[in-house]
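The lines below spell out each chain.
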Amino acid sequence: MSSWQDLEQQFRDLESTMQHSRLDRHWDEATEQWRLAGGADPLVERRFAALAALAGKLLTQANPSAVPAEVAEETDPARRWYGALWHLGGPHEPPLVGQLTRDGQPEGYIFVGSIDRPAHASSVLALRLQAVSDVSPSPVVATRPGPIRRGRLNDWLEREAAQRGRFWTVVAILMALILAALAVL
């Protein structure tokens, strides 16, 4: 299996061909989707996905205190790595929030966010994980696979509200007002 140092180098080798790429994340209370976008060559995208799967497998051996539980719980190795990039990989734009409605009644929220230059972000995260690696790694055990659940989403919203004041509340209200205005037009 590759080491963090090997993966860091392989991700770095992809940086120049993926400099305009981004990793998009779309999620709501029940589902989560990831999509590589930005026009990289399809072969390069497949190589990135394969490296992400290798990194996701290696992530199960990382120091458990270095990996958030919701990342460790993901069963798909590539998606596990994408989650690690989202939670540990450094700066990304705050997600956009939209309210889902049916017949004018609120049904929940949808979130959309992106990680710019995912190959670069991956090389940096692999290097950071190499720095905190244990000599004898203990595996991270997934206890609850599957999509985002309401409790985890609410926990995330509460953490974001605590970290950013009531920013998300204001964003949600503004999005609801914009969507309502567009519905009237």
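You'll find the structure just up there.
Keep in mind it's a predicted model, so treat the numbers as computed, not measured. (Residues numbered from 1 in each chain as written. Predicted model: local features only at pLDDT ≥ 70, side-chain atom pairs only at ≥ 80, totals over all residues. Heavy atoms only, no water.)

## Let's talk about the overall build of the protein chain
Along the protein chain, the regular secondary structure elements total 7 helices and 4 strands. The N-to-C order of helical and strand elements in the protein chain reads α-β-β-α-α-α-β-β-α-α-α. The contacts of the protein chain with a sequence gap of at least 6 include a subset with a gap of at least 24, amounting to 70%. Just so you have it, the protein chain exposes about 10400 Å², and 55% of that area is on carbon and sulfur atoms. (Helix = DSSP H or I, 4+ residues; strand = E, 2+ residues; numbered from the N terminus. Contact = heavy atoms within 4.5 Å. Areas by Shrake-Rupley, 256 points an atom, 1.4 Å probe, with all protein chains shown as cover.)

## A word on the pairing of strand 2 (residues 32-37)
As judged from the 6 bridges shared by strand 1 (residues 22-27) and strand 2, these two strands associate in the antiparallel manner. By the bridge assignment for strand 2, His26 is matched with Gln33. The hairpin formed by strand 1 and strand 2 contains 4 residues between the paired strands. (Pairing = 2+ DSSP bridges.)

## A word on the pairing of strand 4 (residues 105-116)
Looking at chain direction, strand 1 and strand 4 are connected through 6 bridges and run antiparallel. In the sheet register, Arg25 faces strand 4, and the bridge partner there is Gly113. Looking at chain direction, strand 3 (residues 96-102) and strand 4 are connected through 7 bridges and run antiparallel. From the neighbouring strand, Gly98 faces strand 4, where its bridge partner is Ile110.

## A closer look at the nonpolar core
Nonpolar side chains in soluble globular proteins tend to be buried together. Trp4, Met18, Phe48, Leu59, Trp81 and Tyr82 are the most contacted members of the largest nonpolar core, which totals 36 residues. Mapped onto this core, the elements with two or more residues apiece are helix 1 (4-14), strand 1, strand 2, helix 2 (42-59), helix 3 (69-72), helix 4 (77-88), strand 4 and helix 5 (118-131). Not counting residues up to four positions away in its chain, the partners in contact with Trp4 are Ala55, Leu58, Leu59, Trp81, Ala126, Leu129, Gln130 and Ser133. (Core = buried A, V, L, I, M, F, W, Y, C linked by side-chain atoms within 4.5 Å. Buried < 20%, exposed > 50% of the residue type's maximum accessible area, 1.4 Å probe, protein only.)

## Focus on helix 2
With 18 residues, helix 2 should reach 26 Å at 1.5 Å per residue; the first-to-last C-alpha distance of 25 Å fits that figure. Taken residue by residue, helix 2 has Val44, Phe48, Leu51, Ala52, Ala55, Gly56, Leu58 and Leu59 as its buried positions. The arc that holds the buried residues of helix 2, viewed along the axis, is 155°, so those residues lie on one side. In helix 2, the exposed positions that point more than 90 degrees away from the buried face belong to Leu43 and Arg46. Buried residues along helix 2 sit against helix 1, strand 2, helix 3, helix 4 and helix 5. With a side-chain oxygen positioned 2.7 Å from the backbone nitrogen of Leu43, the residue opening helix 2 is Asp41. (Expected span 1.5 Å × (residues − 1). Arc of directions from axis to C-beta. Polar contact = N/O pair within 3.5 Å; in protein donor to acceptor, adjacent residues only side chain to side chain.)

Just geometry here; none of it tells us what the structure is for.
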